[in-house]
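# Structure assessment
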Amino acid sequence: MSSQALSQNNERFEVNLGPQHPATHGVLRVKLLMDGEYIVDAEPVLGYIHRMHELMGENRTWAQFLPNMGRLDYLSALSYNLGYVELVEKMAGIEVPERAEYIRVITTEMNRISSHLLWFGAFVLDLGGFTPLLYAFTDREEILDLLESVTGARLTYCYYRFGGCYNDVEDEFLSGCLAFIKRLRARMPMYHNLVTKNVILRQRLERVGPVSAEMCRKYGATGPVLRGSGVNYDVRKNEPYSIYPELDFDVPVYHEGDSMARYMVRMDEIEQCMRIIEQAIAKIPSGPVMAEKVPKMIKPEPGDYYHAVEAARGTFSIRAVSDGKNQAYRMKLRSPTFSNLSLFQEASKGMLLADALALMGSLDLVIPEIDR
Amino acid sequence: MAGYFTNILSGTKSLLVGLSITQKEFFKKPVTLQYPWESLEMTPRYRGHIQLIKDPETGSHKCISCGMCQRGCPSNCITIHSEKQEGVKGKVLVKYELDFTKCSLCGQCIENCKPSAIEFSKEYNLASTRKEDFHYDLLKRLKEQK
Ligand code: SF4
Ligand code: SF4
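Nothing here was measured: the structure is a model prediction, and the numbers come from that model.

## Examining the site of ligand 2
The full set of residues close to ligand 2 is C63, I64, S65, C66, G67, M68, C69, I80, Y96, C113 and P115 of chain B. Among the residues making up the shell around ligand 2, the classes are represented as nine nonpolar, two polar and no charged.

## Observations concerning the packing of helix α4 (residues 98-126) of chain A against helix α14 (residues 353-363) of chain A
Residues and elements named next belong to chain A. Remark: α4 packs on α14, axes separated minimally by 9 Å, with the N-to-C direction vectors making an angle of 175°. The orientation of α4 with respect to α14, classified from their angle, is roughly antiparallel. For the pair α4 and α14, the contacting residues are W119, F123 and D126 in the first and A358, G361 and S362 in the second. Taken together, the residues of the contact of α4 with α14 break down into three nonpolar, two polar and one charged.

## Looking at the domain arrangement of chain B
Assigned domains of chain B: these are domain 1 (1-31) and domain 2 (50-145). Here the C-alpha centre of domain 2 of chain B lies 57 Å away from the C-alpha centre of domain 1 of chain B.

## A closer look at the packing of aromatic side chains
Think of a pair of aromatic rings as described by two things: how far the centres are apart, and how the planes are tilted against each other in angle. Following the criterion strictly, the structure yields 17 aromatic pairs over all chains and no others. With a centroid separation of 5.2 Å and an interplanar angle of 70°, the aromatic rings of Y241 of chain A and Y244 of chain A are classed as edge-to-face. Comparing Y241 of chain A with Y244 of chain A, the two get one shared label, buried. Consider the rings of F100 of chain B and Y136 of chain B, whose centres lie 6.1 Å apart with planes at 35°: the pair is tilted. With F100 of chain B in the loop between β3 (91-99) and α3 (108-112) and Y136 of chain B in strand β5 (residues 135-137), this pair connects stretches of sequence that are 36 residues apart. The pair F100 of chain B / Y136 of chain B is uniform in exposure class, with both members buried. Feature note: the residues W119, F120, F123, Y191 and Y263 of chain A constitute an aromatic cluster, connected by ring pairs. In this arrangement the basic side chain of R236 of chain A is found over the ring face of Y244 of chain A, its NZ or CZ atom lying 5.8 Å from the centre.

## A word on the environment of M360 of chain A
Residues and elements named next belong to chain A. Within the element layout of this structure, M360 appears in helix α14. M360 gets classed as buried once you look at its relative accessible area, which sits at 14%. Each C-alpha atom, one on M360 and one on F344, is 7.2 Å from the other, the two residues being 16 residues apart in sequence. Leaving out residues up to four positions away in the same chain, M360 has contacts with L17, L28, V30, F344 and L365.

## Observations regarding the sheet that holds strand β2 (residues 78-84) of chain B
Residues and elements named next belong to chain B. The strand order β2-β3-β5 describes an open sheet built from three strands, whose pairing is antiparallel. This sheet does not close on itself; its edge strands, each paired only once, are β2 and β5. For this sheet, the mean angle separating the axes of adjacent strands, direction not counted, is 20°. Across seven bridges, β2 lies against β3 in antiparallel orientation. Residue pairing for β3: E83 is matched across the bridge by V92.

## Here we look at unusual backbone geometry
Cis geometry marks the peptide bond from Y35 of chain B to P36 of chain B, where omega comes out at 5°. Structurally, the position occupied by P36 of chain B is in the loop between α1 (2-26) and β1 (50-52). For R207 of chain A, which is not a glycine, the phi torsion comes out positive at approximately 60°. Mapped onto the secondary structure, R207 of chain A falls in the loop between α7 (199-205) and α8 (213-219). Within the chain, S242 of chain A stands out as a residue other than glycine whose phi angle is a positive 50°. You can see S242 of chain A is positioned in the loop between α10 (235-238) and α11 (259-283).

Parameters and conventions
For every chain, the first residue of its written sequence is number 1, and the numbers climb from 1 along that sequence. The order in which chains are written sets their letters, starting at A; the order in which ligands are written sets their numbers, starting at 1. The model is predicted, so local features are restricted to residues of pLDDT at least 70 and side-chain atom pairs to those at 80 or more, both for listing and for counting; the totals for chains, interfaces and linings are taken over all residues. In computing side-chain values, all of the structure's heavy atoms are included and hydrogens and water are not. Think of it this way: one heavy atom of a residue within 4 Å of a molecule or strand is enough to make that residue near it. In this classification, Asp, Glu, Lys and Arg are treated as charged, Ala, Val, Leu, Ile, Met, Phe, Trp, Tyr, Cys and Pro as nonpolar, and every other residue, Gly included, as polar. The axes are straight lines fitted to the C-alpha atoms, using for helices just the contacting stretch, and the angles between their N-to-C directions are given from 0 to 180°. A run of DSSP states H or I qualifies as a helix once it reaches four residues; a run of E qualifies as a strand once it reaches two. Both are numbered from the N-terminal end. Here the word oblique covers every angle except those under 35 degrees (roughly parallel), over 145 (roughly antiparallel) and from 65 to 115 (roughly perpendicular). When checking whether two residues touch, look at their non-hydrogen atoms; a contact exists if any pair is within 4.5 Å. Domain start and stop positions are those given by an automatic or database domain assignment. The pairing test for Phe, Tyr and Trp rings, Trp by its six-membered ring, is centres within 6.5 Å, and the orientation test on the planes gives stacked under 30 degrees, edge-to-face over 60, and tilted for anything in between. Type-normalised accessible area, obtained with a 1.4 Å probe on protein chains alone, sets the label of each residue: buried when under 20%, exposed when over 50%, and partly exposed for intermediate values. Two conditions define a charge sitting above a ring: the NZ of Lys or the CZ of Arg must be within 6 Å of the ring centre, and it must be within 35 degrees of the ring normal. Strands are labelled as partners when DSSP assigns at least two bridges between them.

In structure tokens, the structure reads:
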């Protein structure tokens, strides 16, 4: 911060950033203490859309808590579905047929692409570019149509079940996915020419909003934020689950730690998702999509259970304590963007307001997931 | 000073690249529909609110009023009203209340229903200013549906 901005004579003032209304999802209120154009302190104010998801998990049966998973991060709901069903399968010792595992990975990765595409559009919109949003939405629309044809929903999916998937996918879905990947591959250079290589974007992102690996550790930031700060950590590689060990993909890591690095991580991740889906479709076996023996009423052995998955925004993990009943004794949901947002207060100190908005956009926040 | 001119040059270039892309897109076919004049067909698996299935043999429903759907629902949307009727084995459904304002379209009720008496409808054009409009009686709805 310049000494001018810090001088005593300059009056500081407070600004409320962002609207807040309980009926609008995805808005965040940040209380800013400003000194001219510079941020002295930024305090995110949460709690407006708190829906007590954890408590809900403790007063309904394991199966009844399933639909809540679509309402945390509504942009990559399938990762959350996956995390929860895998946890319960771990607790109850349910084996999942292989075809179901492949379907889960294919649909989750499609969902990840759609989430990154939406972030891409919204992020560029935050920076003042409107057109890329529409292009990203055209592609995302294709994914939503595909996922709708198997899950029956466009956003709040509730597709996985303990022991498999709700229903099987048809060959049209798989060929549709391949056709979509072909289309997106052809469109990626367009995105890079239009946005990534754009001088204005580069100047607004490069060396702006640096987040060090140290800071990520301090606040528990994960996902693209952590990987943009040079730490190679991805739950799919570090604590593999489902069939990820059998698939060949890379984890994009950038060392700069600035907003551009986080941007590039997500753009590269889209490419990796496409690789994963192609391999999974090539290998998908036939067979049942539901385990044969799934108990009607699940009553896991008493104990403390934990499972983590890599969601589009970072590590999503659940800790559930069971006391042998058909409900959880304690349900703790760890959502990635809550931790990612936590570093904003420290990282934005002394930044220009417009730069701080670029930083915030690059964190890829989904408010209903921060405020559960 | 040299940086000043290269900046102008590279800025102009990236502007032109962007413009050429948007221009190309400008001449492509629109992907949007003119709703409400045009609308899309829902996919067969689309999850609208639940409804009773009409049994083609009897022209009625298959519900045995067991209440499993009501018990399985996470949000307590369903209330089954049934009564004993003379000459009929088991209970007879007289009213199937669904409070759609609370429904999360999860499908637990459908999975819990042994005789497969309910399914997802394909309704999606639902709008009202009164929440009472979304308190359905599915049995009445089935009867009106000729
Ligand atoms: S779909 Fe789910 S929330 Fe809706 S009535 Fe059925 S069980 Fe209840
Ligand atoms: S709809 Fe199905 S589950 Fe519900 S009461 Fe009727 S038969 Fe039972």
